[in-house]
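# Residue-level structural notes
Letter by letter, the chains look like this.
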Amino acid sequence: MAICLCVSGSLMAQVKPLEKDSFMEKSLNLTEEWDKTFPKSEKVDHAKVTFHNRYGITLAADLYVPRDVEGKFPAIAVSGPFGAVKEQASGLYAQTLAERGFLVLAFDPSYTGESGGEPRYVASPDINTEDFCAAVDYLATHDEVDENRIGILGICGFGGFALNAAAIDTRIKATVASTMYEDAPQFVTDYHAYYKTPRGYHKRSLNSNGGWNKTSSLPFINMPILAYSNEIRSAVLLIHGEKAHSRYFSEDAFKTLQGPNKELLIIPGATHVDLYDNPEAIPFDKLEQFYK
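Presented here is a report on the structure given in the accompanying data block.

Conventions adopted
Residues numbered from 1 in each chain as written. Predicted model: local features only at pLDDT ≥ 70, side-chain atom pairs only at ≥ 80, totals over all residues. Heavy atoms only, no water. Core = buried A, V, L, I, M, F, W, Y, C linked by side-chain atoms within 4.5 Å. Buried < 20%, exposed > 50% of the residue type's maximum accessible area, 1.4 Å probe, protein only. Helix = DSSP H or I, 4+ residues; strand = E, 2+ residues; numbered from the N terminus. Contact = heavy atoms within 4.5 Å. Axes fitted to C-alpha atoms, helices over the stretch in contact; angles between N-to-C directions. Parallel < 35°, antiparallel > 145°, perpendicular 65-115°, else oblique. Left-handed = near helix turned anticlockwise from the far one by under 90°. Nonpolar A, V, L, I, M, F, W, Y, C, P; charged D, E, K, R; others polar. Phe/Tyr/Trp six-rings, centres within 6.5 Å; stacked < 30°, edge-to-face > 60°. Lys NZ or Arg CZ within 6 Å of the ring centre and 35° of its normal. Pairing = 2+ DSSP bridges. Arc of directions from axis to C-beta.

In this structure, Leu153 and Leu287 are the most contacted members of the largest nonpolar core, which totals 72 residues. For this core, the element with the most residues is helix α3 (residues 125-140), which contributes 8 residues. Those residues in contact with leucine 153, other than ones at most four positions away along the chain, are Ile76, Ala77, Val78, Ser79, Tyr93, Leu97, Phe132, Val176, Leu287 and Tyr291.

See the structure below:
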């Protein structure tokens, strides 16, 4: 029976072959103007790019490349915070790291920002983990990237997805998870101060506007995002604010990591949101040292 079905499927494919990339979204509406929540650096070149994940969703990203530097670059893929867009914290991290010599890709996750996917504003642990792997696909095939020196950086909830990706994708040589997050509505004032004010507001950020699709929490019941973190064998750096309500998340994640090549860095006096955009709190010197 199985053989007959396979043969039948093969004959049907020969009769009506699928067009190349027919399951892919064809185009996205990308904003070419600089609409970030941080000023543009004159030390890096910036471009909008797109790539696909294995679910056929087209992802939108900002690519930051150091100017006046020759040779292949070490590269980093950045995403987060949970419910933010690449024009906010992840873009700030990406541009700053590009100033320090890395080629950096800041991307909008599936279903959010300028990236594709329907219905909108859905979070999915399996698809958002794959988003990181798809970003590594893009970087590993980029002419200016050293494919043996690729790292990822997840901010807030995307720190968890970054650890998920590191557990399954051996191309990832180094992972940073910054201010990992679980729902804590009693601290909504800190989020309001970032997402709802000119400091961090962006029209495409669902945290700045309508919020997540109500079905988003369902898949997390079946896929705890730290389930396989003990399988990571590459370098991991966890960064958290001393006063962050979510500090326990990184501390718990650190306990699951195996081997000596791991570090938990607590930033004195910093809250969760300080690590979104506060240059006095974000340890860029440490990030540069770690990735290099």
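The interhelical angle for the contact between α3 and helix α4 (residues 158-168), taken along N-to-C directions, is 70°, at an axis separation of 8 Å. It follows from the interaxial angle that α3 and α4 lie roughly perpendicular. Handedness of the α3/α4 crossing: right-handed. Here α3 contributes Pro125, Asn128, Thr129, Phe132 and Cys133 to the contact with α4, which in turn contributes Phe158, Phe161, Ala162, Asn164, Ala165 and Ile168. In terms of residue class, the contact of α3 with α4 is made up of 8 nonpolar, 3 polar and no charged.

Our next topic: the packing of aromatic side chains. Within the structure shown, the criterion is met by 18 aromatic pairs. Consider the rings of phenylalanine 82 and phenylalanine 220, whose centres lie 6.4 Å apart with planes at 80°: the pair is edge-to-face. Residue phenylalanine 82 is found in the loop between β3 (73-79) and α2 (89-99), and its partner phenylalanine 220 is found in helix α6 (residues 218-222); the two are separated by 138 residues along the sequence. Between phenylalanine 158 and phenylalanine 161 the ring centres are 4.7 Å apart and the planes differ by 75°, which places this aromatic pair in the edge-to-face class. Remark: phenylalanine 161 and phenylalanine 158 occur in helix α4; sequence separation between them is 3 residues, near one turn of the helix. By relative accessible area, which is 1% here, phenylalanine 161 ends up buried. Following the ring pairs from residue to residue traces out a cluster consisting of Phe51, Phe82, Phe107, Phe132, Tyr138, Phe158, Phe161, Trp212 and Phe220. Stacked on the ring of tryptophan 34, the Lys or Arg lysine 36 has its end atom at 5.3 Å from the ring centre.

Consecutive residues of a regular strand have side chains that alternate between opposite faces of the sheet. Judged from the 9 bridges that link them, strand β1 (residues 44-52) and strand β2 (residues 58-66) form a sheet pairing that is antiparallel. Of the residues in β2, the one forming a bridge with lysine 48 is aspartate 62. In sequence, β1 turns back onto β2 through a hairpin of 5 residues, with glycine 56 there showing a positive phi of about 85°.

With that out of the way, let us pick up helix α9 (residues 284-291). Every buried residue belonging to α9 is among Phe284, Leu287, Glu288, Phe290 and Tyr291, and all of these are buried. Along the axis of α9, the buried residues cluster in a sector spanning 165°; they form a single face. The outward face of α9, more than 90 degrees from its buried face, is lined by the exposed residues Asp285 and Gln289. Contacts made by the buried residues of α9 are with β3, α2, β5 (145-155), β6 (174-178) and β7 (235-241).

In this fold, proline 66 is placed in strand β2. As for proline 66 and glutamate 99, which are separated by 33 residues in sequence, their C-alpha atoms are 5.9 Å apart.

Interpretation note: all reported values are geometric properties and have no functional meaning in isolation.
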